[in-house]
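Secondary and tertiary structure notes
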Amino acid sequence: MNYIVFDLEWNQSINQNNKNKTETLQFEIIEVGAVKLDKDFNEISRFSSLVKPVLHRKIHPIIKEITKISDEDLRSERDFKTVISEFFQWCGEDYILCTYGNQDLMELQNNLEYHGIDSMELGVRWSYPMRYIDVQRIFGLAQDENNEQRSLESAVAHLNLVQDREFHRALDDAVYTGKILAKLQRDIISENYSLDYYRIPENKQEEKEIKISGHNEFISMGYEDKEQLLGQSYIYVTRCVICDRKCRKKIKWFADNSKYICISACPEHGIMEGTLHVKHNRIRNIYYAIRKVSLINNEELENIIVKKENIKERRRQKRQREKNKKLL
């Protein structure tokens, strides 16, 4: 199996008030760059191509400043379908996609959908949800920085890699990402694949819980609005990551910024943390949930208990301030 480490550059509308454009396709790909690594993470091939945009045809000033790509650079380039077809032919058959962060894979699929290109049409047979390697995430795990998302430049500097290329161009960033991947321990890579949830289940029959990287992940079907989604009791069920037994809640679900957290217990295998994220697919305009369940230790449990109490106290103080305002 080969590793396809790819990076994208994209453009966006200069007129942010143009809702039709930004809601249809917020980021339009203008460059694809990639390196192909063999099973031992040795580089064996490279791919690089600019893409002529059809929607956001004028380069946003910030994009031009960051990438140094101009309108003139793209005028005579090939269209997205031609470039992406060539890219997947170059990928071959036996590979796993690797990115720095999770946005490139999502935007690739956004662009495929906008242009009406089915992956099967390109000879690509992805299984869903798709496994891929998020090099940024794994680098953070290797450095014991679970909650920190280092920029590519920061990771390159941290590993003392030779900086002989520019940043913020697709091929250059793909080369750097490939070098970071090659520096990581093989076991931490194989044990920490990520799942891409761009394509969500069409109905409940397609929903499934997947064991990956030592925890369970579940994705729901789509719902028309967030309230309808959150009213589905089955999305709150947590099962043991080892025996699949339905677990009893020790701490009920509570909101923590953009996610929900709970604590459950399996009588045989211990304490587990459940997290629930509500996502919005802007192209289909539907809401879906991603639930993750993982085993935790006593220290992690205590941290969650403290977090819940802090949230509870902040809410109490907020209610008190609002009450005091009404009395004035």
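Residues numbered from 1 in each chain as written. Predicted model: local features only at pLDDT ≥ 70, side-chain atom pairs only at ≥ 80, totals over all residues. Heavy atoms only, no water.

Quick notes on helix 4 (residues 80–91)
One turn of the α-helix equals 3.6 residues, which is why residues spaced by three or four share an orientation. With 12 residues, helix 4 should cover 16 Å at 1.5 Å per step; its first-to-last C-alpha distance of 16 Å lies within 8% of that length. Among all positions in helix 4, only Phe80, Val83, Ile84, Ser85, Phe87, Phe88, Trp90 and Cys91 are buried. One or two residues past the end of helix 4 sits Gly92, with phi positive at roughly 90 degrees. (Helix = DSSP H or I, 4+ residues; strand = E, 2+ residues; numbered from the N terminus. Expected span 1.5 Å × (residues − 1). Buried < 20%, exposed > 50% of the residue type's maximum accessible area, 1.4 Å probe, protein only.)

Details of the pattern of salt bridges
Tallying each qualifying case throughout the model produces 14 salt bridges. Arg245 is the salt-bridge partner of Glu268, the closest N and O atoms lying 3.9 Å from each other. Placement of the pair is Glu268 in the loop between strand 10 (259–266) and strand 11 (270–281) and Arg245 in the loop between helix 10 (226–230) and strand 9 (248–256), with a sequence separation of 23 residues. For Glu268, a relative accessible area of 55% translates into the label exposed. What makes Arg245 partly exposed here is its relative accessible area of 38%. (Salt bridge = Lys/Arg side-chain N within 4 Å of Asp/Glu carboxyl O.)

Let's talk about the pairing of strand 10
Among the eight residues in strand 10, six count as buried, and that is most of the element. With eight bridges connecting them, strand 10 and strand 11 associate as antiparallel partners. Bridge pairing in strand 11 places Cys262 opposite Gly274. In this antiparallel pair of consecutive strands, strand 10 and strand 11, the connection spans three residues. (Pairing = 2+ DSSP bridges.)

So, the sheet that holds strand 9
Pairing within the open sheet is antiparallel, and its six strands lie in the order 7-8-12-11-10-9. Unpaired on one side and paired on the other, strand 7 (209–212) and strand 9 mark the two borders of the sheet. Each strand of the sheet is rotated relative to its neighbour by a mean of 20 degrees, with strand direction disregarded. (Axes fitted to C-alpha atoms, helices over the stretch in contact; angles between N-to-C directions.)

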